[in-house]
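Observations on chain architecture
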Amino acid sequence: MKPNRNQKIIFFVAIAALIALPLYFIMRSENMLSEKENIYRFRPTRLIDPGDVLRGDYLVIDFPRFVEYNGDGKAGRGAETYVVVERDSAGYAQFKYATDEKPATSNYFTTKIQGNRTRGERVWIDVPFEKYFLNEDNAKLAEKLYEIEIRDPETNMFIEVAIADGESLLKDIYVDSIPLNQFLNKLTPDERKEIEDNYDDGNFRPRRRRLR
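Right, let's walk through the structure included here. Residue positions are given per chain, counted from 1 along the sequence in the order it is written. Confidence filtering applies because this is a predicted model: local features only for residues at pLDDT of at least 70, side-chain atom pairs given and counted only at 80 or more, and all residues used for totals across whole chains, interfaces and linings. Hydrogen atoms and water are omitted, and side-chain values are computed over all heavy atoms in the structure.

Moving on: the overall build of the chain. Strands here mean DSSP runs of E at least two residues long; helices mean DSSP runs of H or I at least four residues long; both are numbered from the N terminus. The secondary structure content of the chain amounts to 4 helices and 12 strands. The buried label goes to any residue with under 20% of its type's maximum accessible area, the exposed label to any with over 50%, and the partly exposed label to all in between, with areas taken from a 1.4 Å probe on protein chains only. For the chain, the residues scored as buried account for 36% of the 212 residues in total. Contacts are assigned to residue pairs with any non-hydrogen atoms lying within 4.5 Å of each other. In the chain, of all internal contacts separated by at least 6 residues, the share reaching a separation of at least 24 is 68%. Here the Shrake-Rupley method, with its probe set to 1.4 Å, supplies the accessible areas, and only the displayed protein chains count as covering residues. Surface summary for the chain: the accessible area is close to 13,400 Å², and the carbon and sulfur share equals 51%.

Written out as structure tokens, the structure is:
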């Protein structure tokens, strides 16, 4: 049985929607990243290689997750919250506080509460931009590079995230203003070995936190 005219229209509308939706998200992401005021630079935070076969193609960025809560005390696990982000005097961003009321300004992202340990005064939040995807061979090396860089008071390693009106998008991790993936891929075998050697110097062994 041949499809009638209405069925054809529905079919083409569905195809158009399937094409338009990804394009919309791509354009929205590009718009967020293109606006300079939306970009927040965070100080180096711990990078963790999950260290298993199924999750070995990304790093977990261990942002400070325990933040002040300005709400009505109903900070239950899984509740939606708004996290306000502000820059300090050096230009680095911090999670200022979480609230259950939508902020009047644009400098916030939407997330969920993972726990409450201080009777509602502070909450443990989920961070929607905590994963950084990269080649599996580079994951462990990146973790070691971070541990070396963070001990250097003159380190030029930072993280940039686009945040605006509840949305958030990890832009990149940078080393000397070079994206981390690009930085690692350009390392020579000798340079990679140097990172391994420096990491092992002084019996430096960072403690790994348990990932949920």
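Moving on, there is more to tell.
What follows is about the packing of aromatic side chains. Only Phe, Tyr and Trp rings take part, Trp by its six-membered ring, and two of them pair if their centres are within 6.5 Å. Stacked means planes under 30 degrees apart, edge-to-face means over 60, and tilted covers everything else. Under the counting rule described, the total for this entry stands at 12 aromatic pairs. Here tyrosine 82 and tyrosine 108 contribute two aromatic rings whose centre-to-centre distance is 5.6 Å and whose plane-to-plane angle is 80°, an arrangement assigned as edge-to-face. You can see tyrosine 82 sitting in strand 5 (residues 80-87) and its partner tyrosine 108 sitting in strand 7 (residues 108-116), a full 26 residues away along the chain. The same class applies to tyrosine 82 and to tyrosine 108, which are both buried. Summarising the aromatic geometry, the rings of phenylalanine 95 and phenylalanine 109 are spaced 5.4 Å apart at their centres and angled 65° between planes, so their arrangement reads as edge-to-face.

Here, any two strands with at least 2 DSSP bridges between them count as paired. On the basis of which strands lie adjacent, the open sheet formed by 3 strands has the order 2-3-9 and antiparallel pairing. Each edge of the open sheet carries a strand with a single partner, namely strand 2 (46-48) and strand 9 (131-133). The mean inter-strand angle of the sheet, taken between neighbouring strand axes irrespective of direction, is 30°. Here helix 2 (residues 136-149) sits on the sheet in contact with strand 2 and strand 3 (58-62), set at roughly 160° to strand 2. Think of each axis as a best-fit line through the C-alpha atoms, taken over the contacting stretch in the case of a helix, with angles from 0 to 180 degrees between the N-to-C directions.

Checked against the element boundaries, threonine 81 lands in strand 5. Of the residues examined, threonine 81 reaches a relative accessible area of 0% and is grouped as buried. A 3.5 Å cut-off defines polar contacts: any pair of N or O atoms within that distance qualifies, except that in protein one atom must be a possible hydrogen donor and the other a possible acceptor, and neighbouring residues in sequence count only when both atoms are side-chain atoms. A polar side-chain atom of threonine 81 sits 3.0 Å from the main-chain carbonyl oxygen of threonine 99. If we ignore the near neighbours within four places in the chain, the residues touching threonine 81 are Tyr69, Ala98, Thr99, Asp100, Phe109, Thr110, Thr111, Lys112, Ile113 and Ile125.

This brings us to the pairing of strand 3. Across the 5 residues of strand 3, 4 count as buried, placing the element largely inside the fold. Note: strand 2 against strand 3, 3 bridges, orientation antiparallel. By the bridge assignment for strand 3, isoleucine 48 is matched with valine 60. Bridge count for strand 3 against strand 9 is 3 bridges, and the pairing is antiparallel. Considered in strand 9, the bridge of leucine 59 is made with tyrosine 132.

With that out of the way, let us pick up the sheet that holds strand 7. Adjacent strands of a sheet form backbone hydrogen bonds with each other and so pair up, either parallel or antiparallel. As summarised here, the arrangement of the 5 strands in space is 4-6-5-7-8, forming a closed barrel in which the pairing is mixed. With strand direction ignored, the average angle separating the axes of adjacent strands in the sheet is 55°. Pairing geometry for strand 4 (residues 66-70) and strand 8 (residues 122-125), over 3 bridges, is antiparallel. Opposite glutamate 68, over in strand 8, you have arginine 122 as the bridge partner.

One non-glycine residue, aspartate 165, adopts positive backbone phi at about 50°. The topology assignment puts aspartate 165 in the loop between strand 10 (157-164) and strand 11 (167-175).

This part covers the side chain of threonine 99. Relative to the helices and strands, threonine 99 resides in strand 6 (residues 93-99). Of the polar contacts made by the side chain of threonine 99, one reaches the backbone oxygen of asparagine 70; its length is 3.0 Å. A polar contact of 3.2 Å, which involves the side chain of threonine 99, links it to the backbone nitrogen of glutamate 101. Residues in contact with threonine 99, not counting those within four places in the same chain, are Tyr69, Asn70, Thr81 and Tyr82.

These figures come from the coordinates and say nothing about function on their own.
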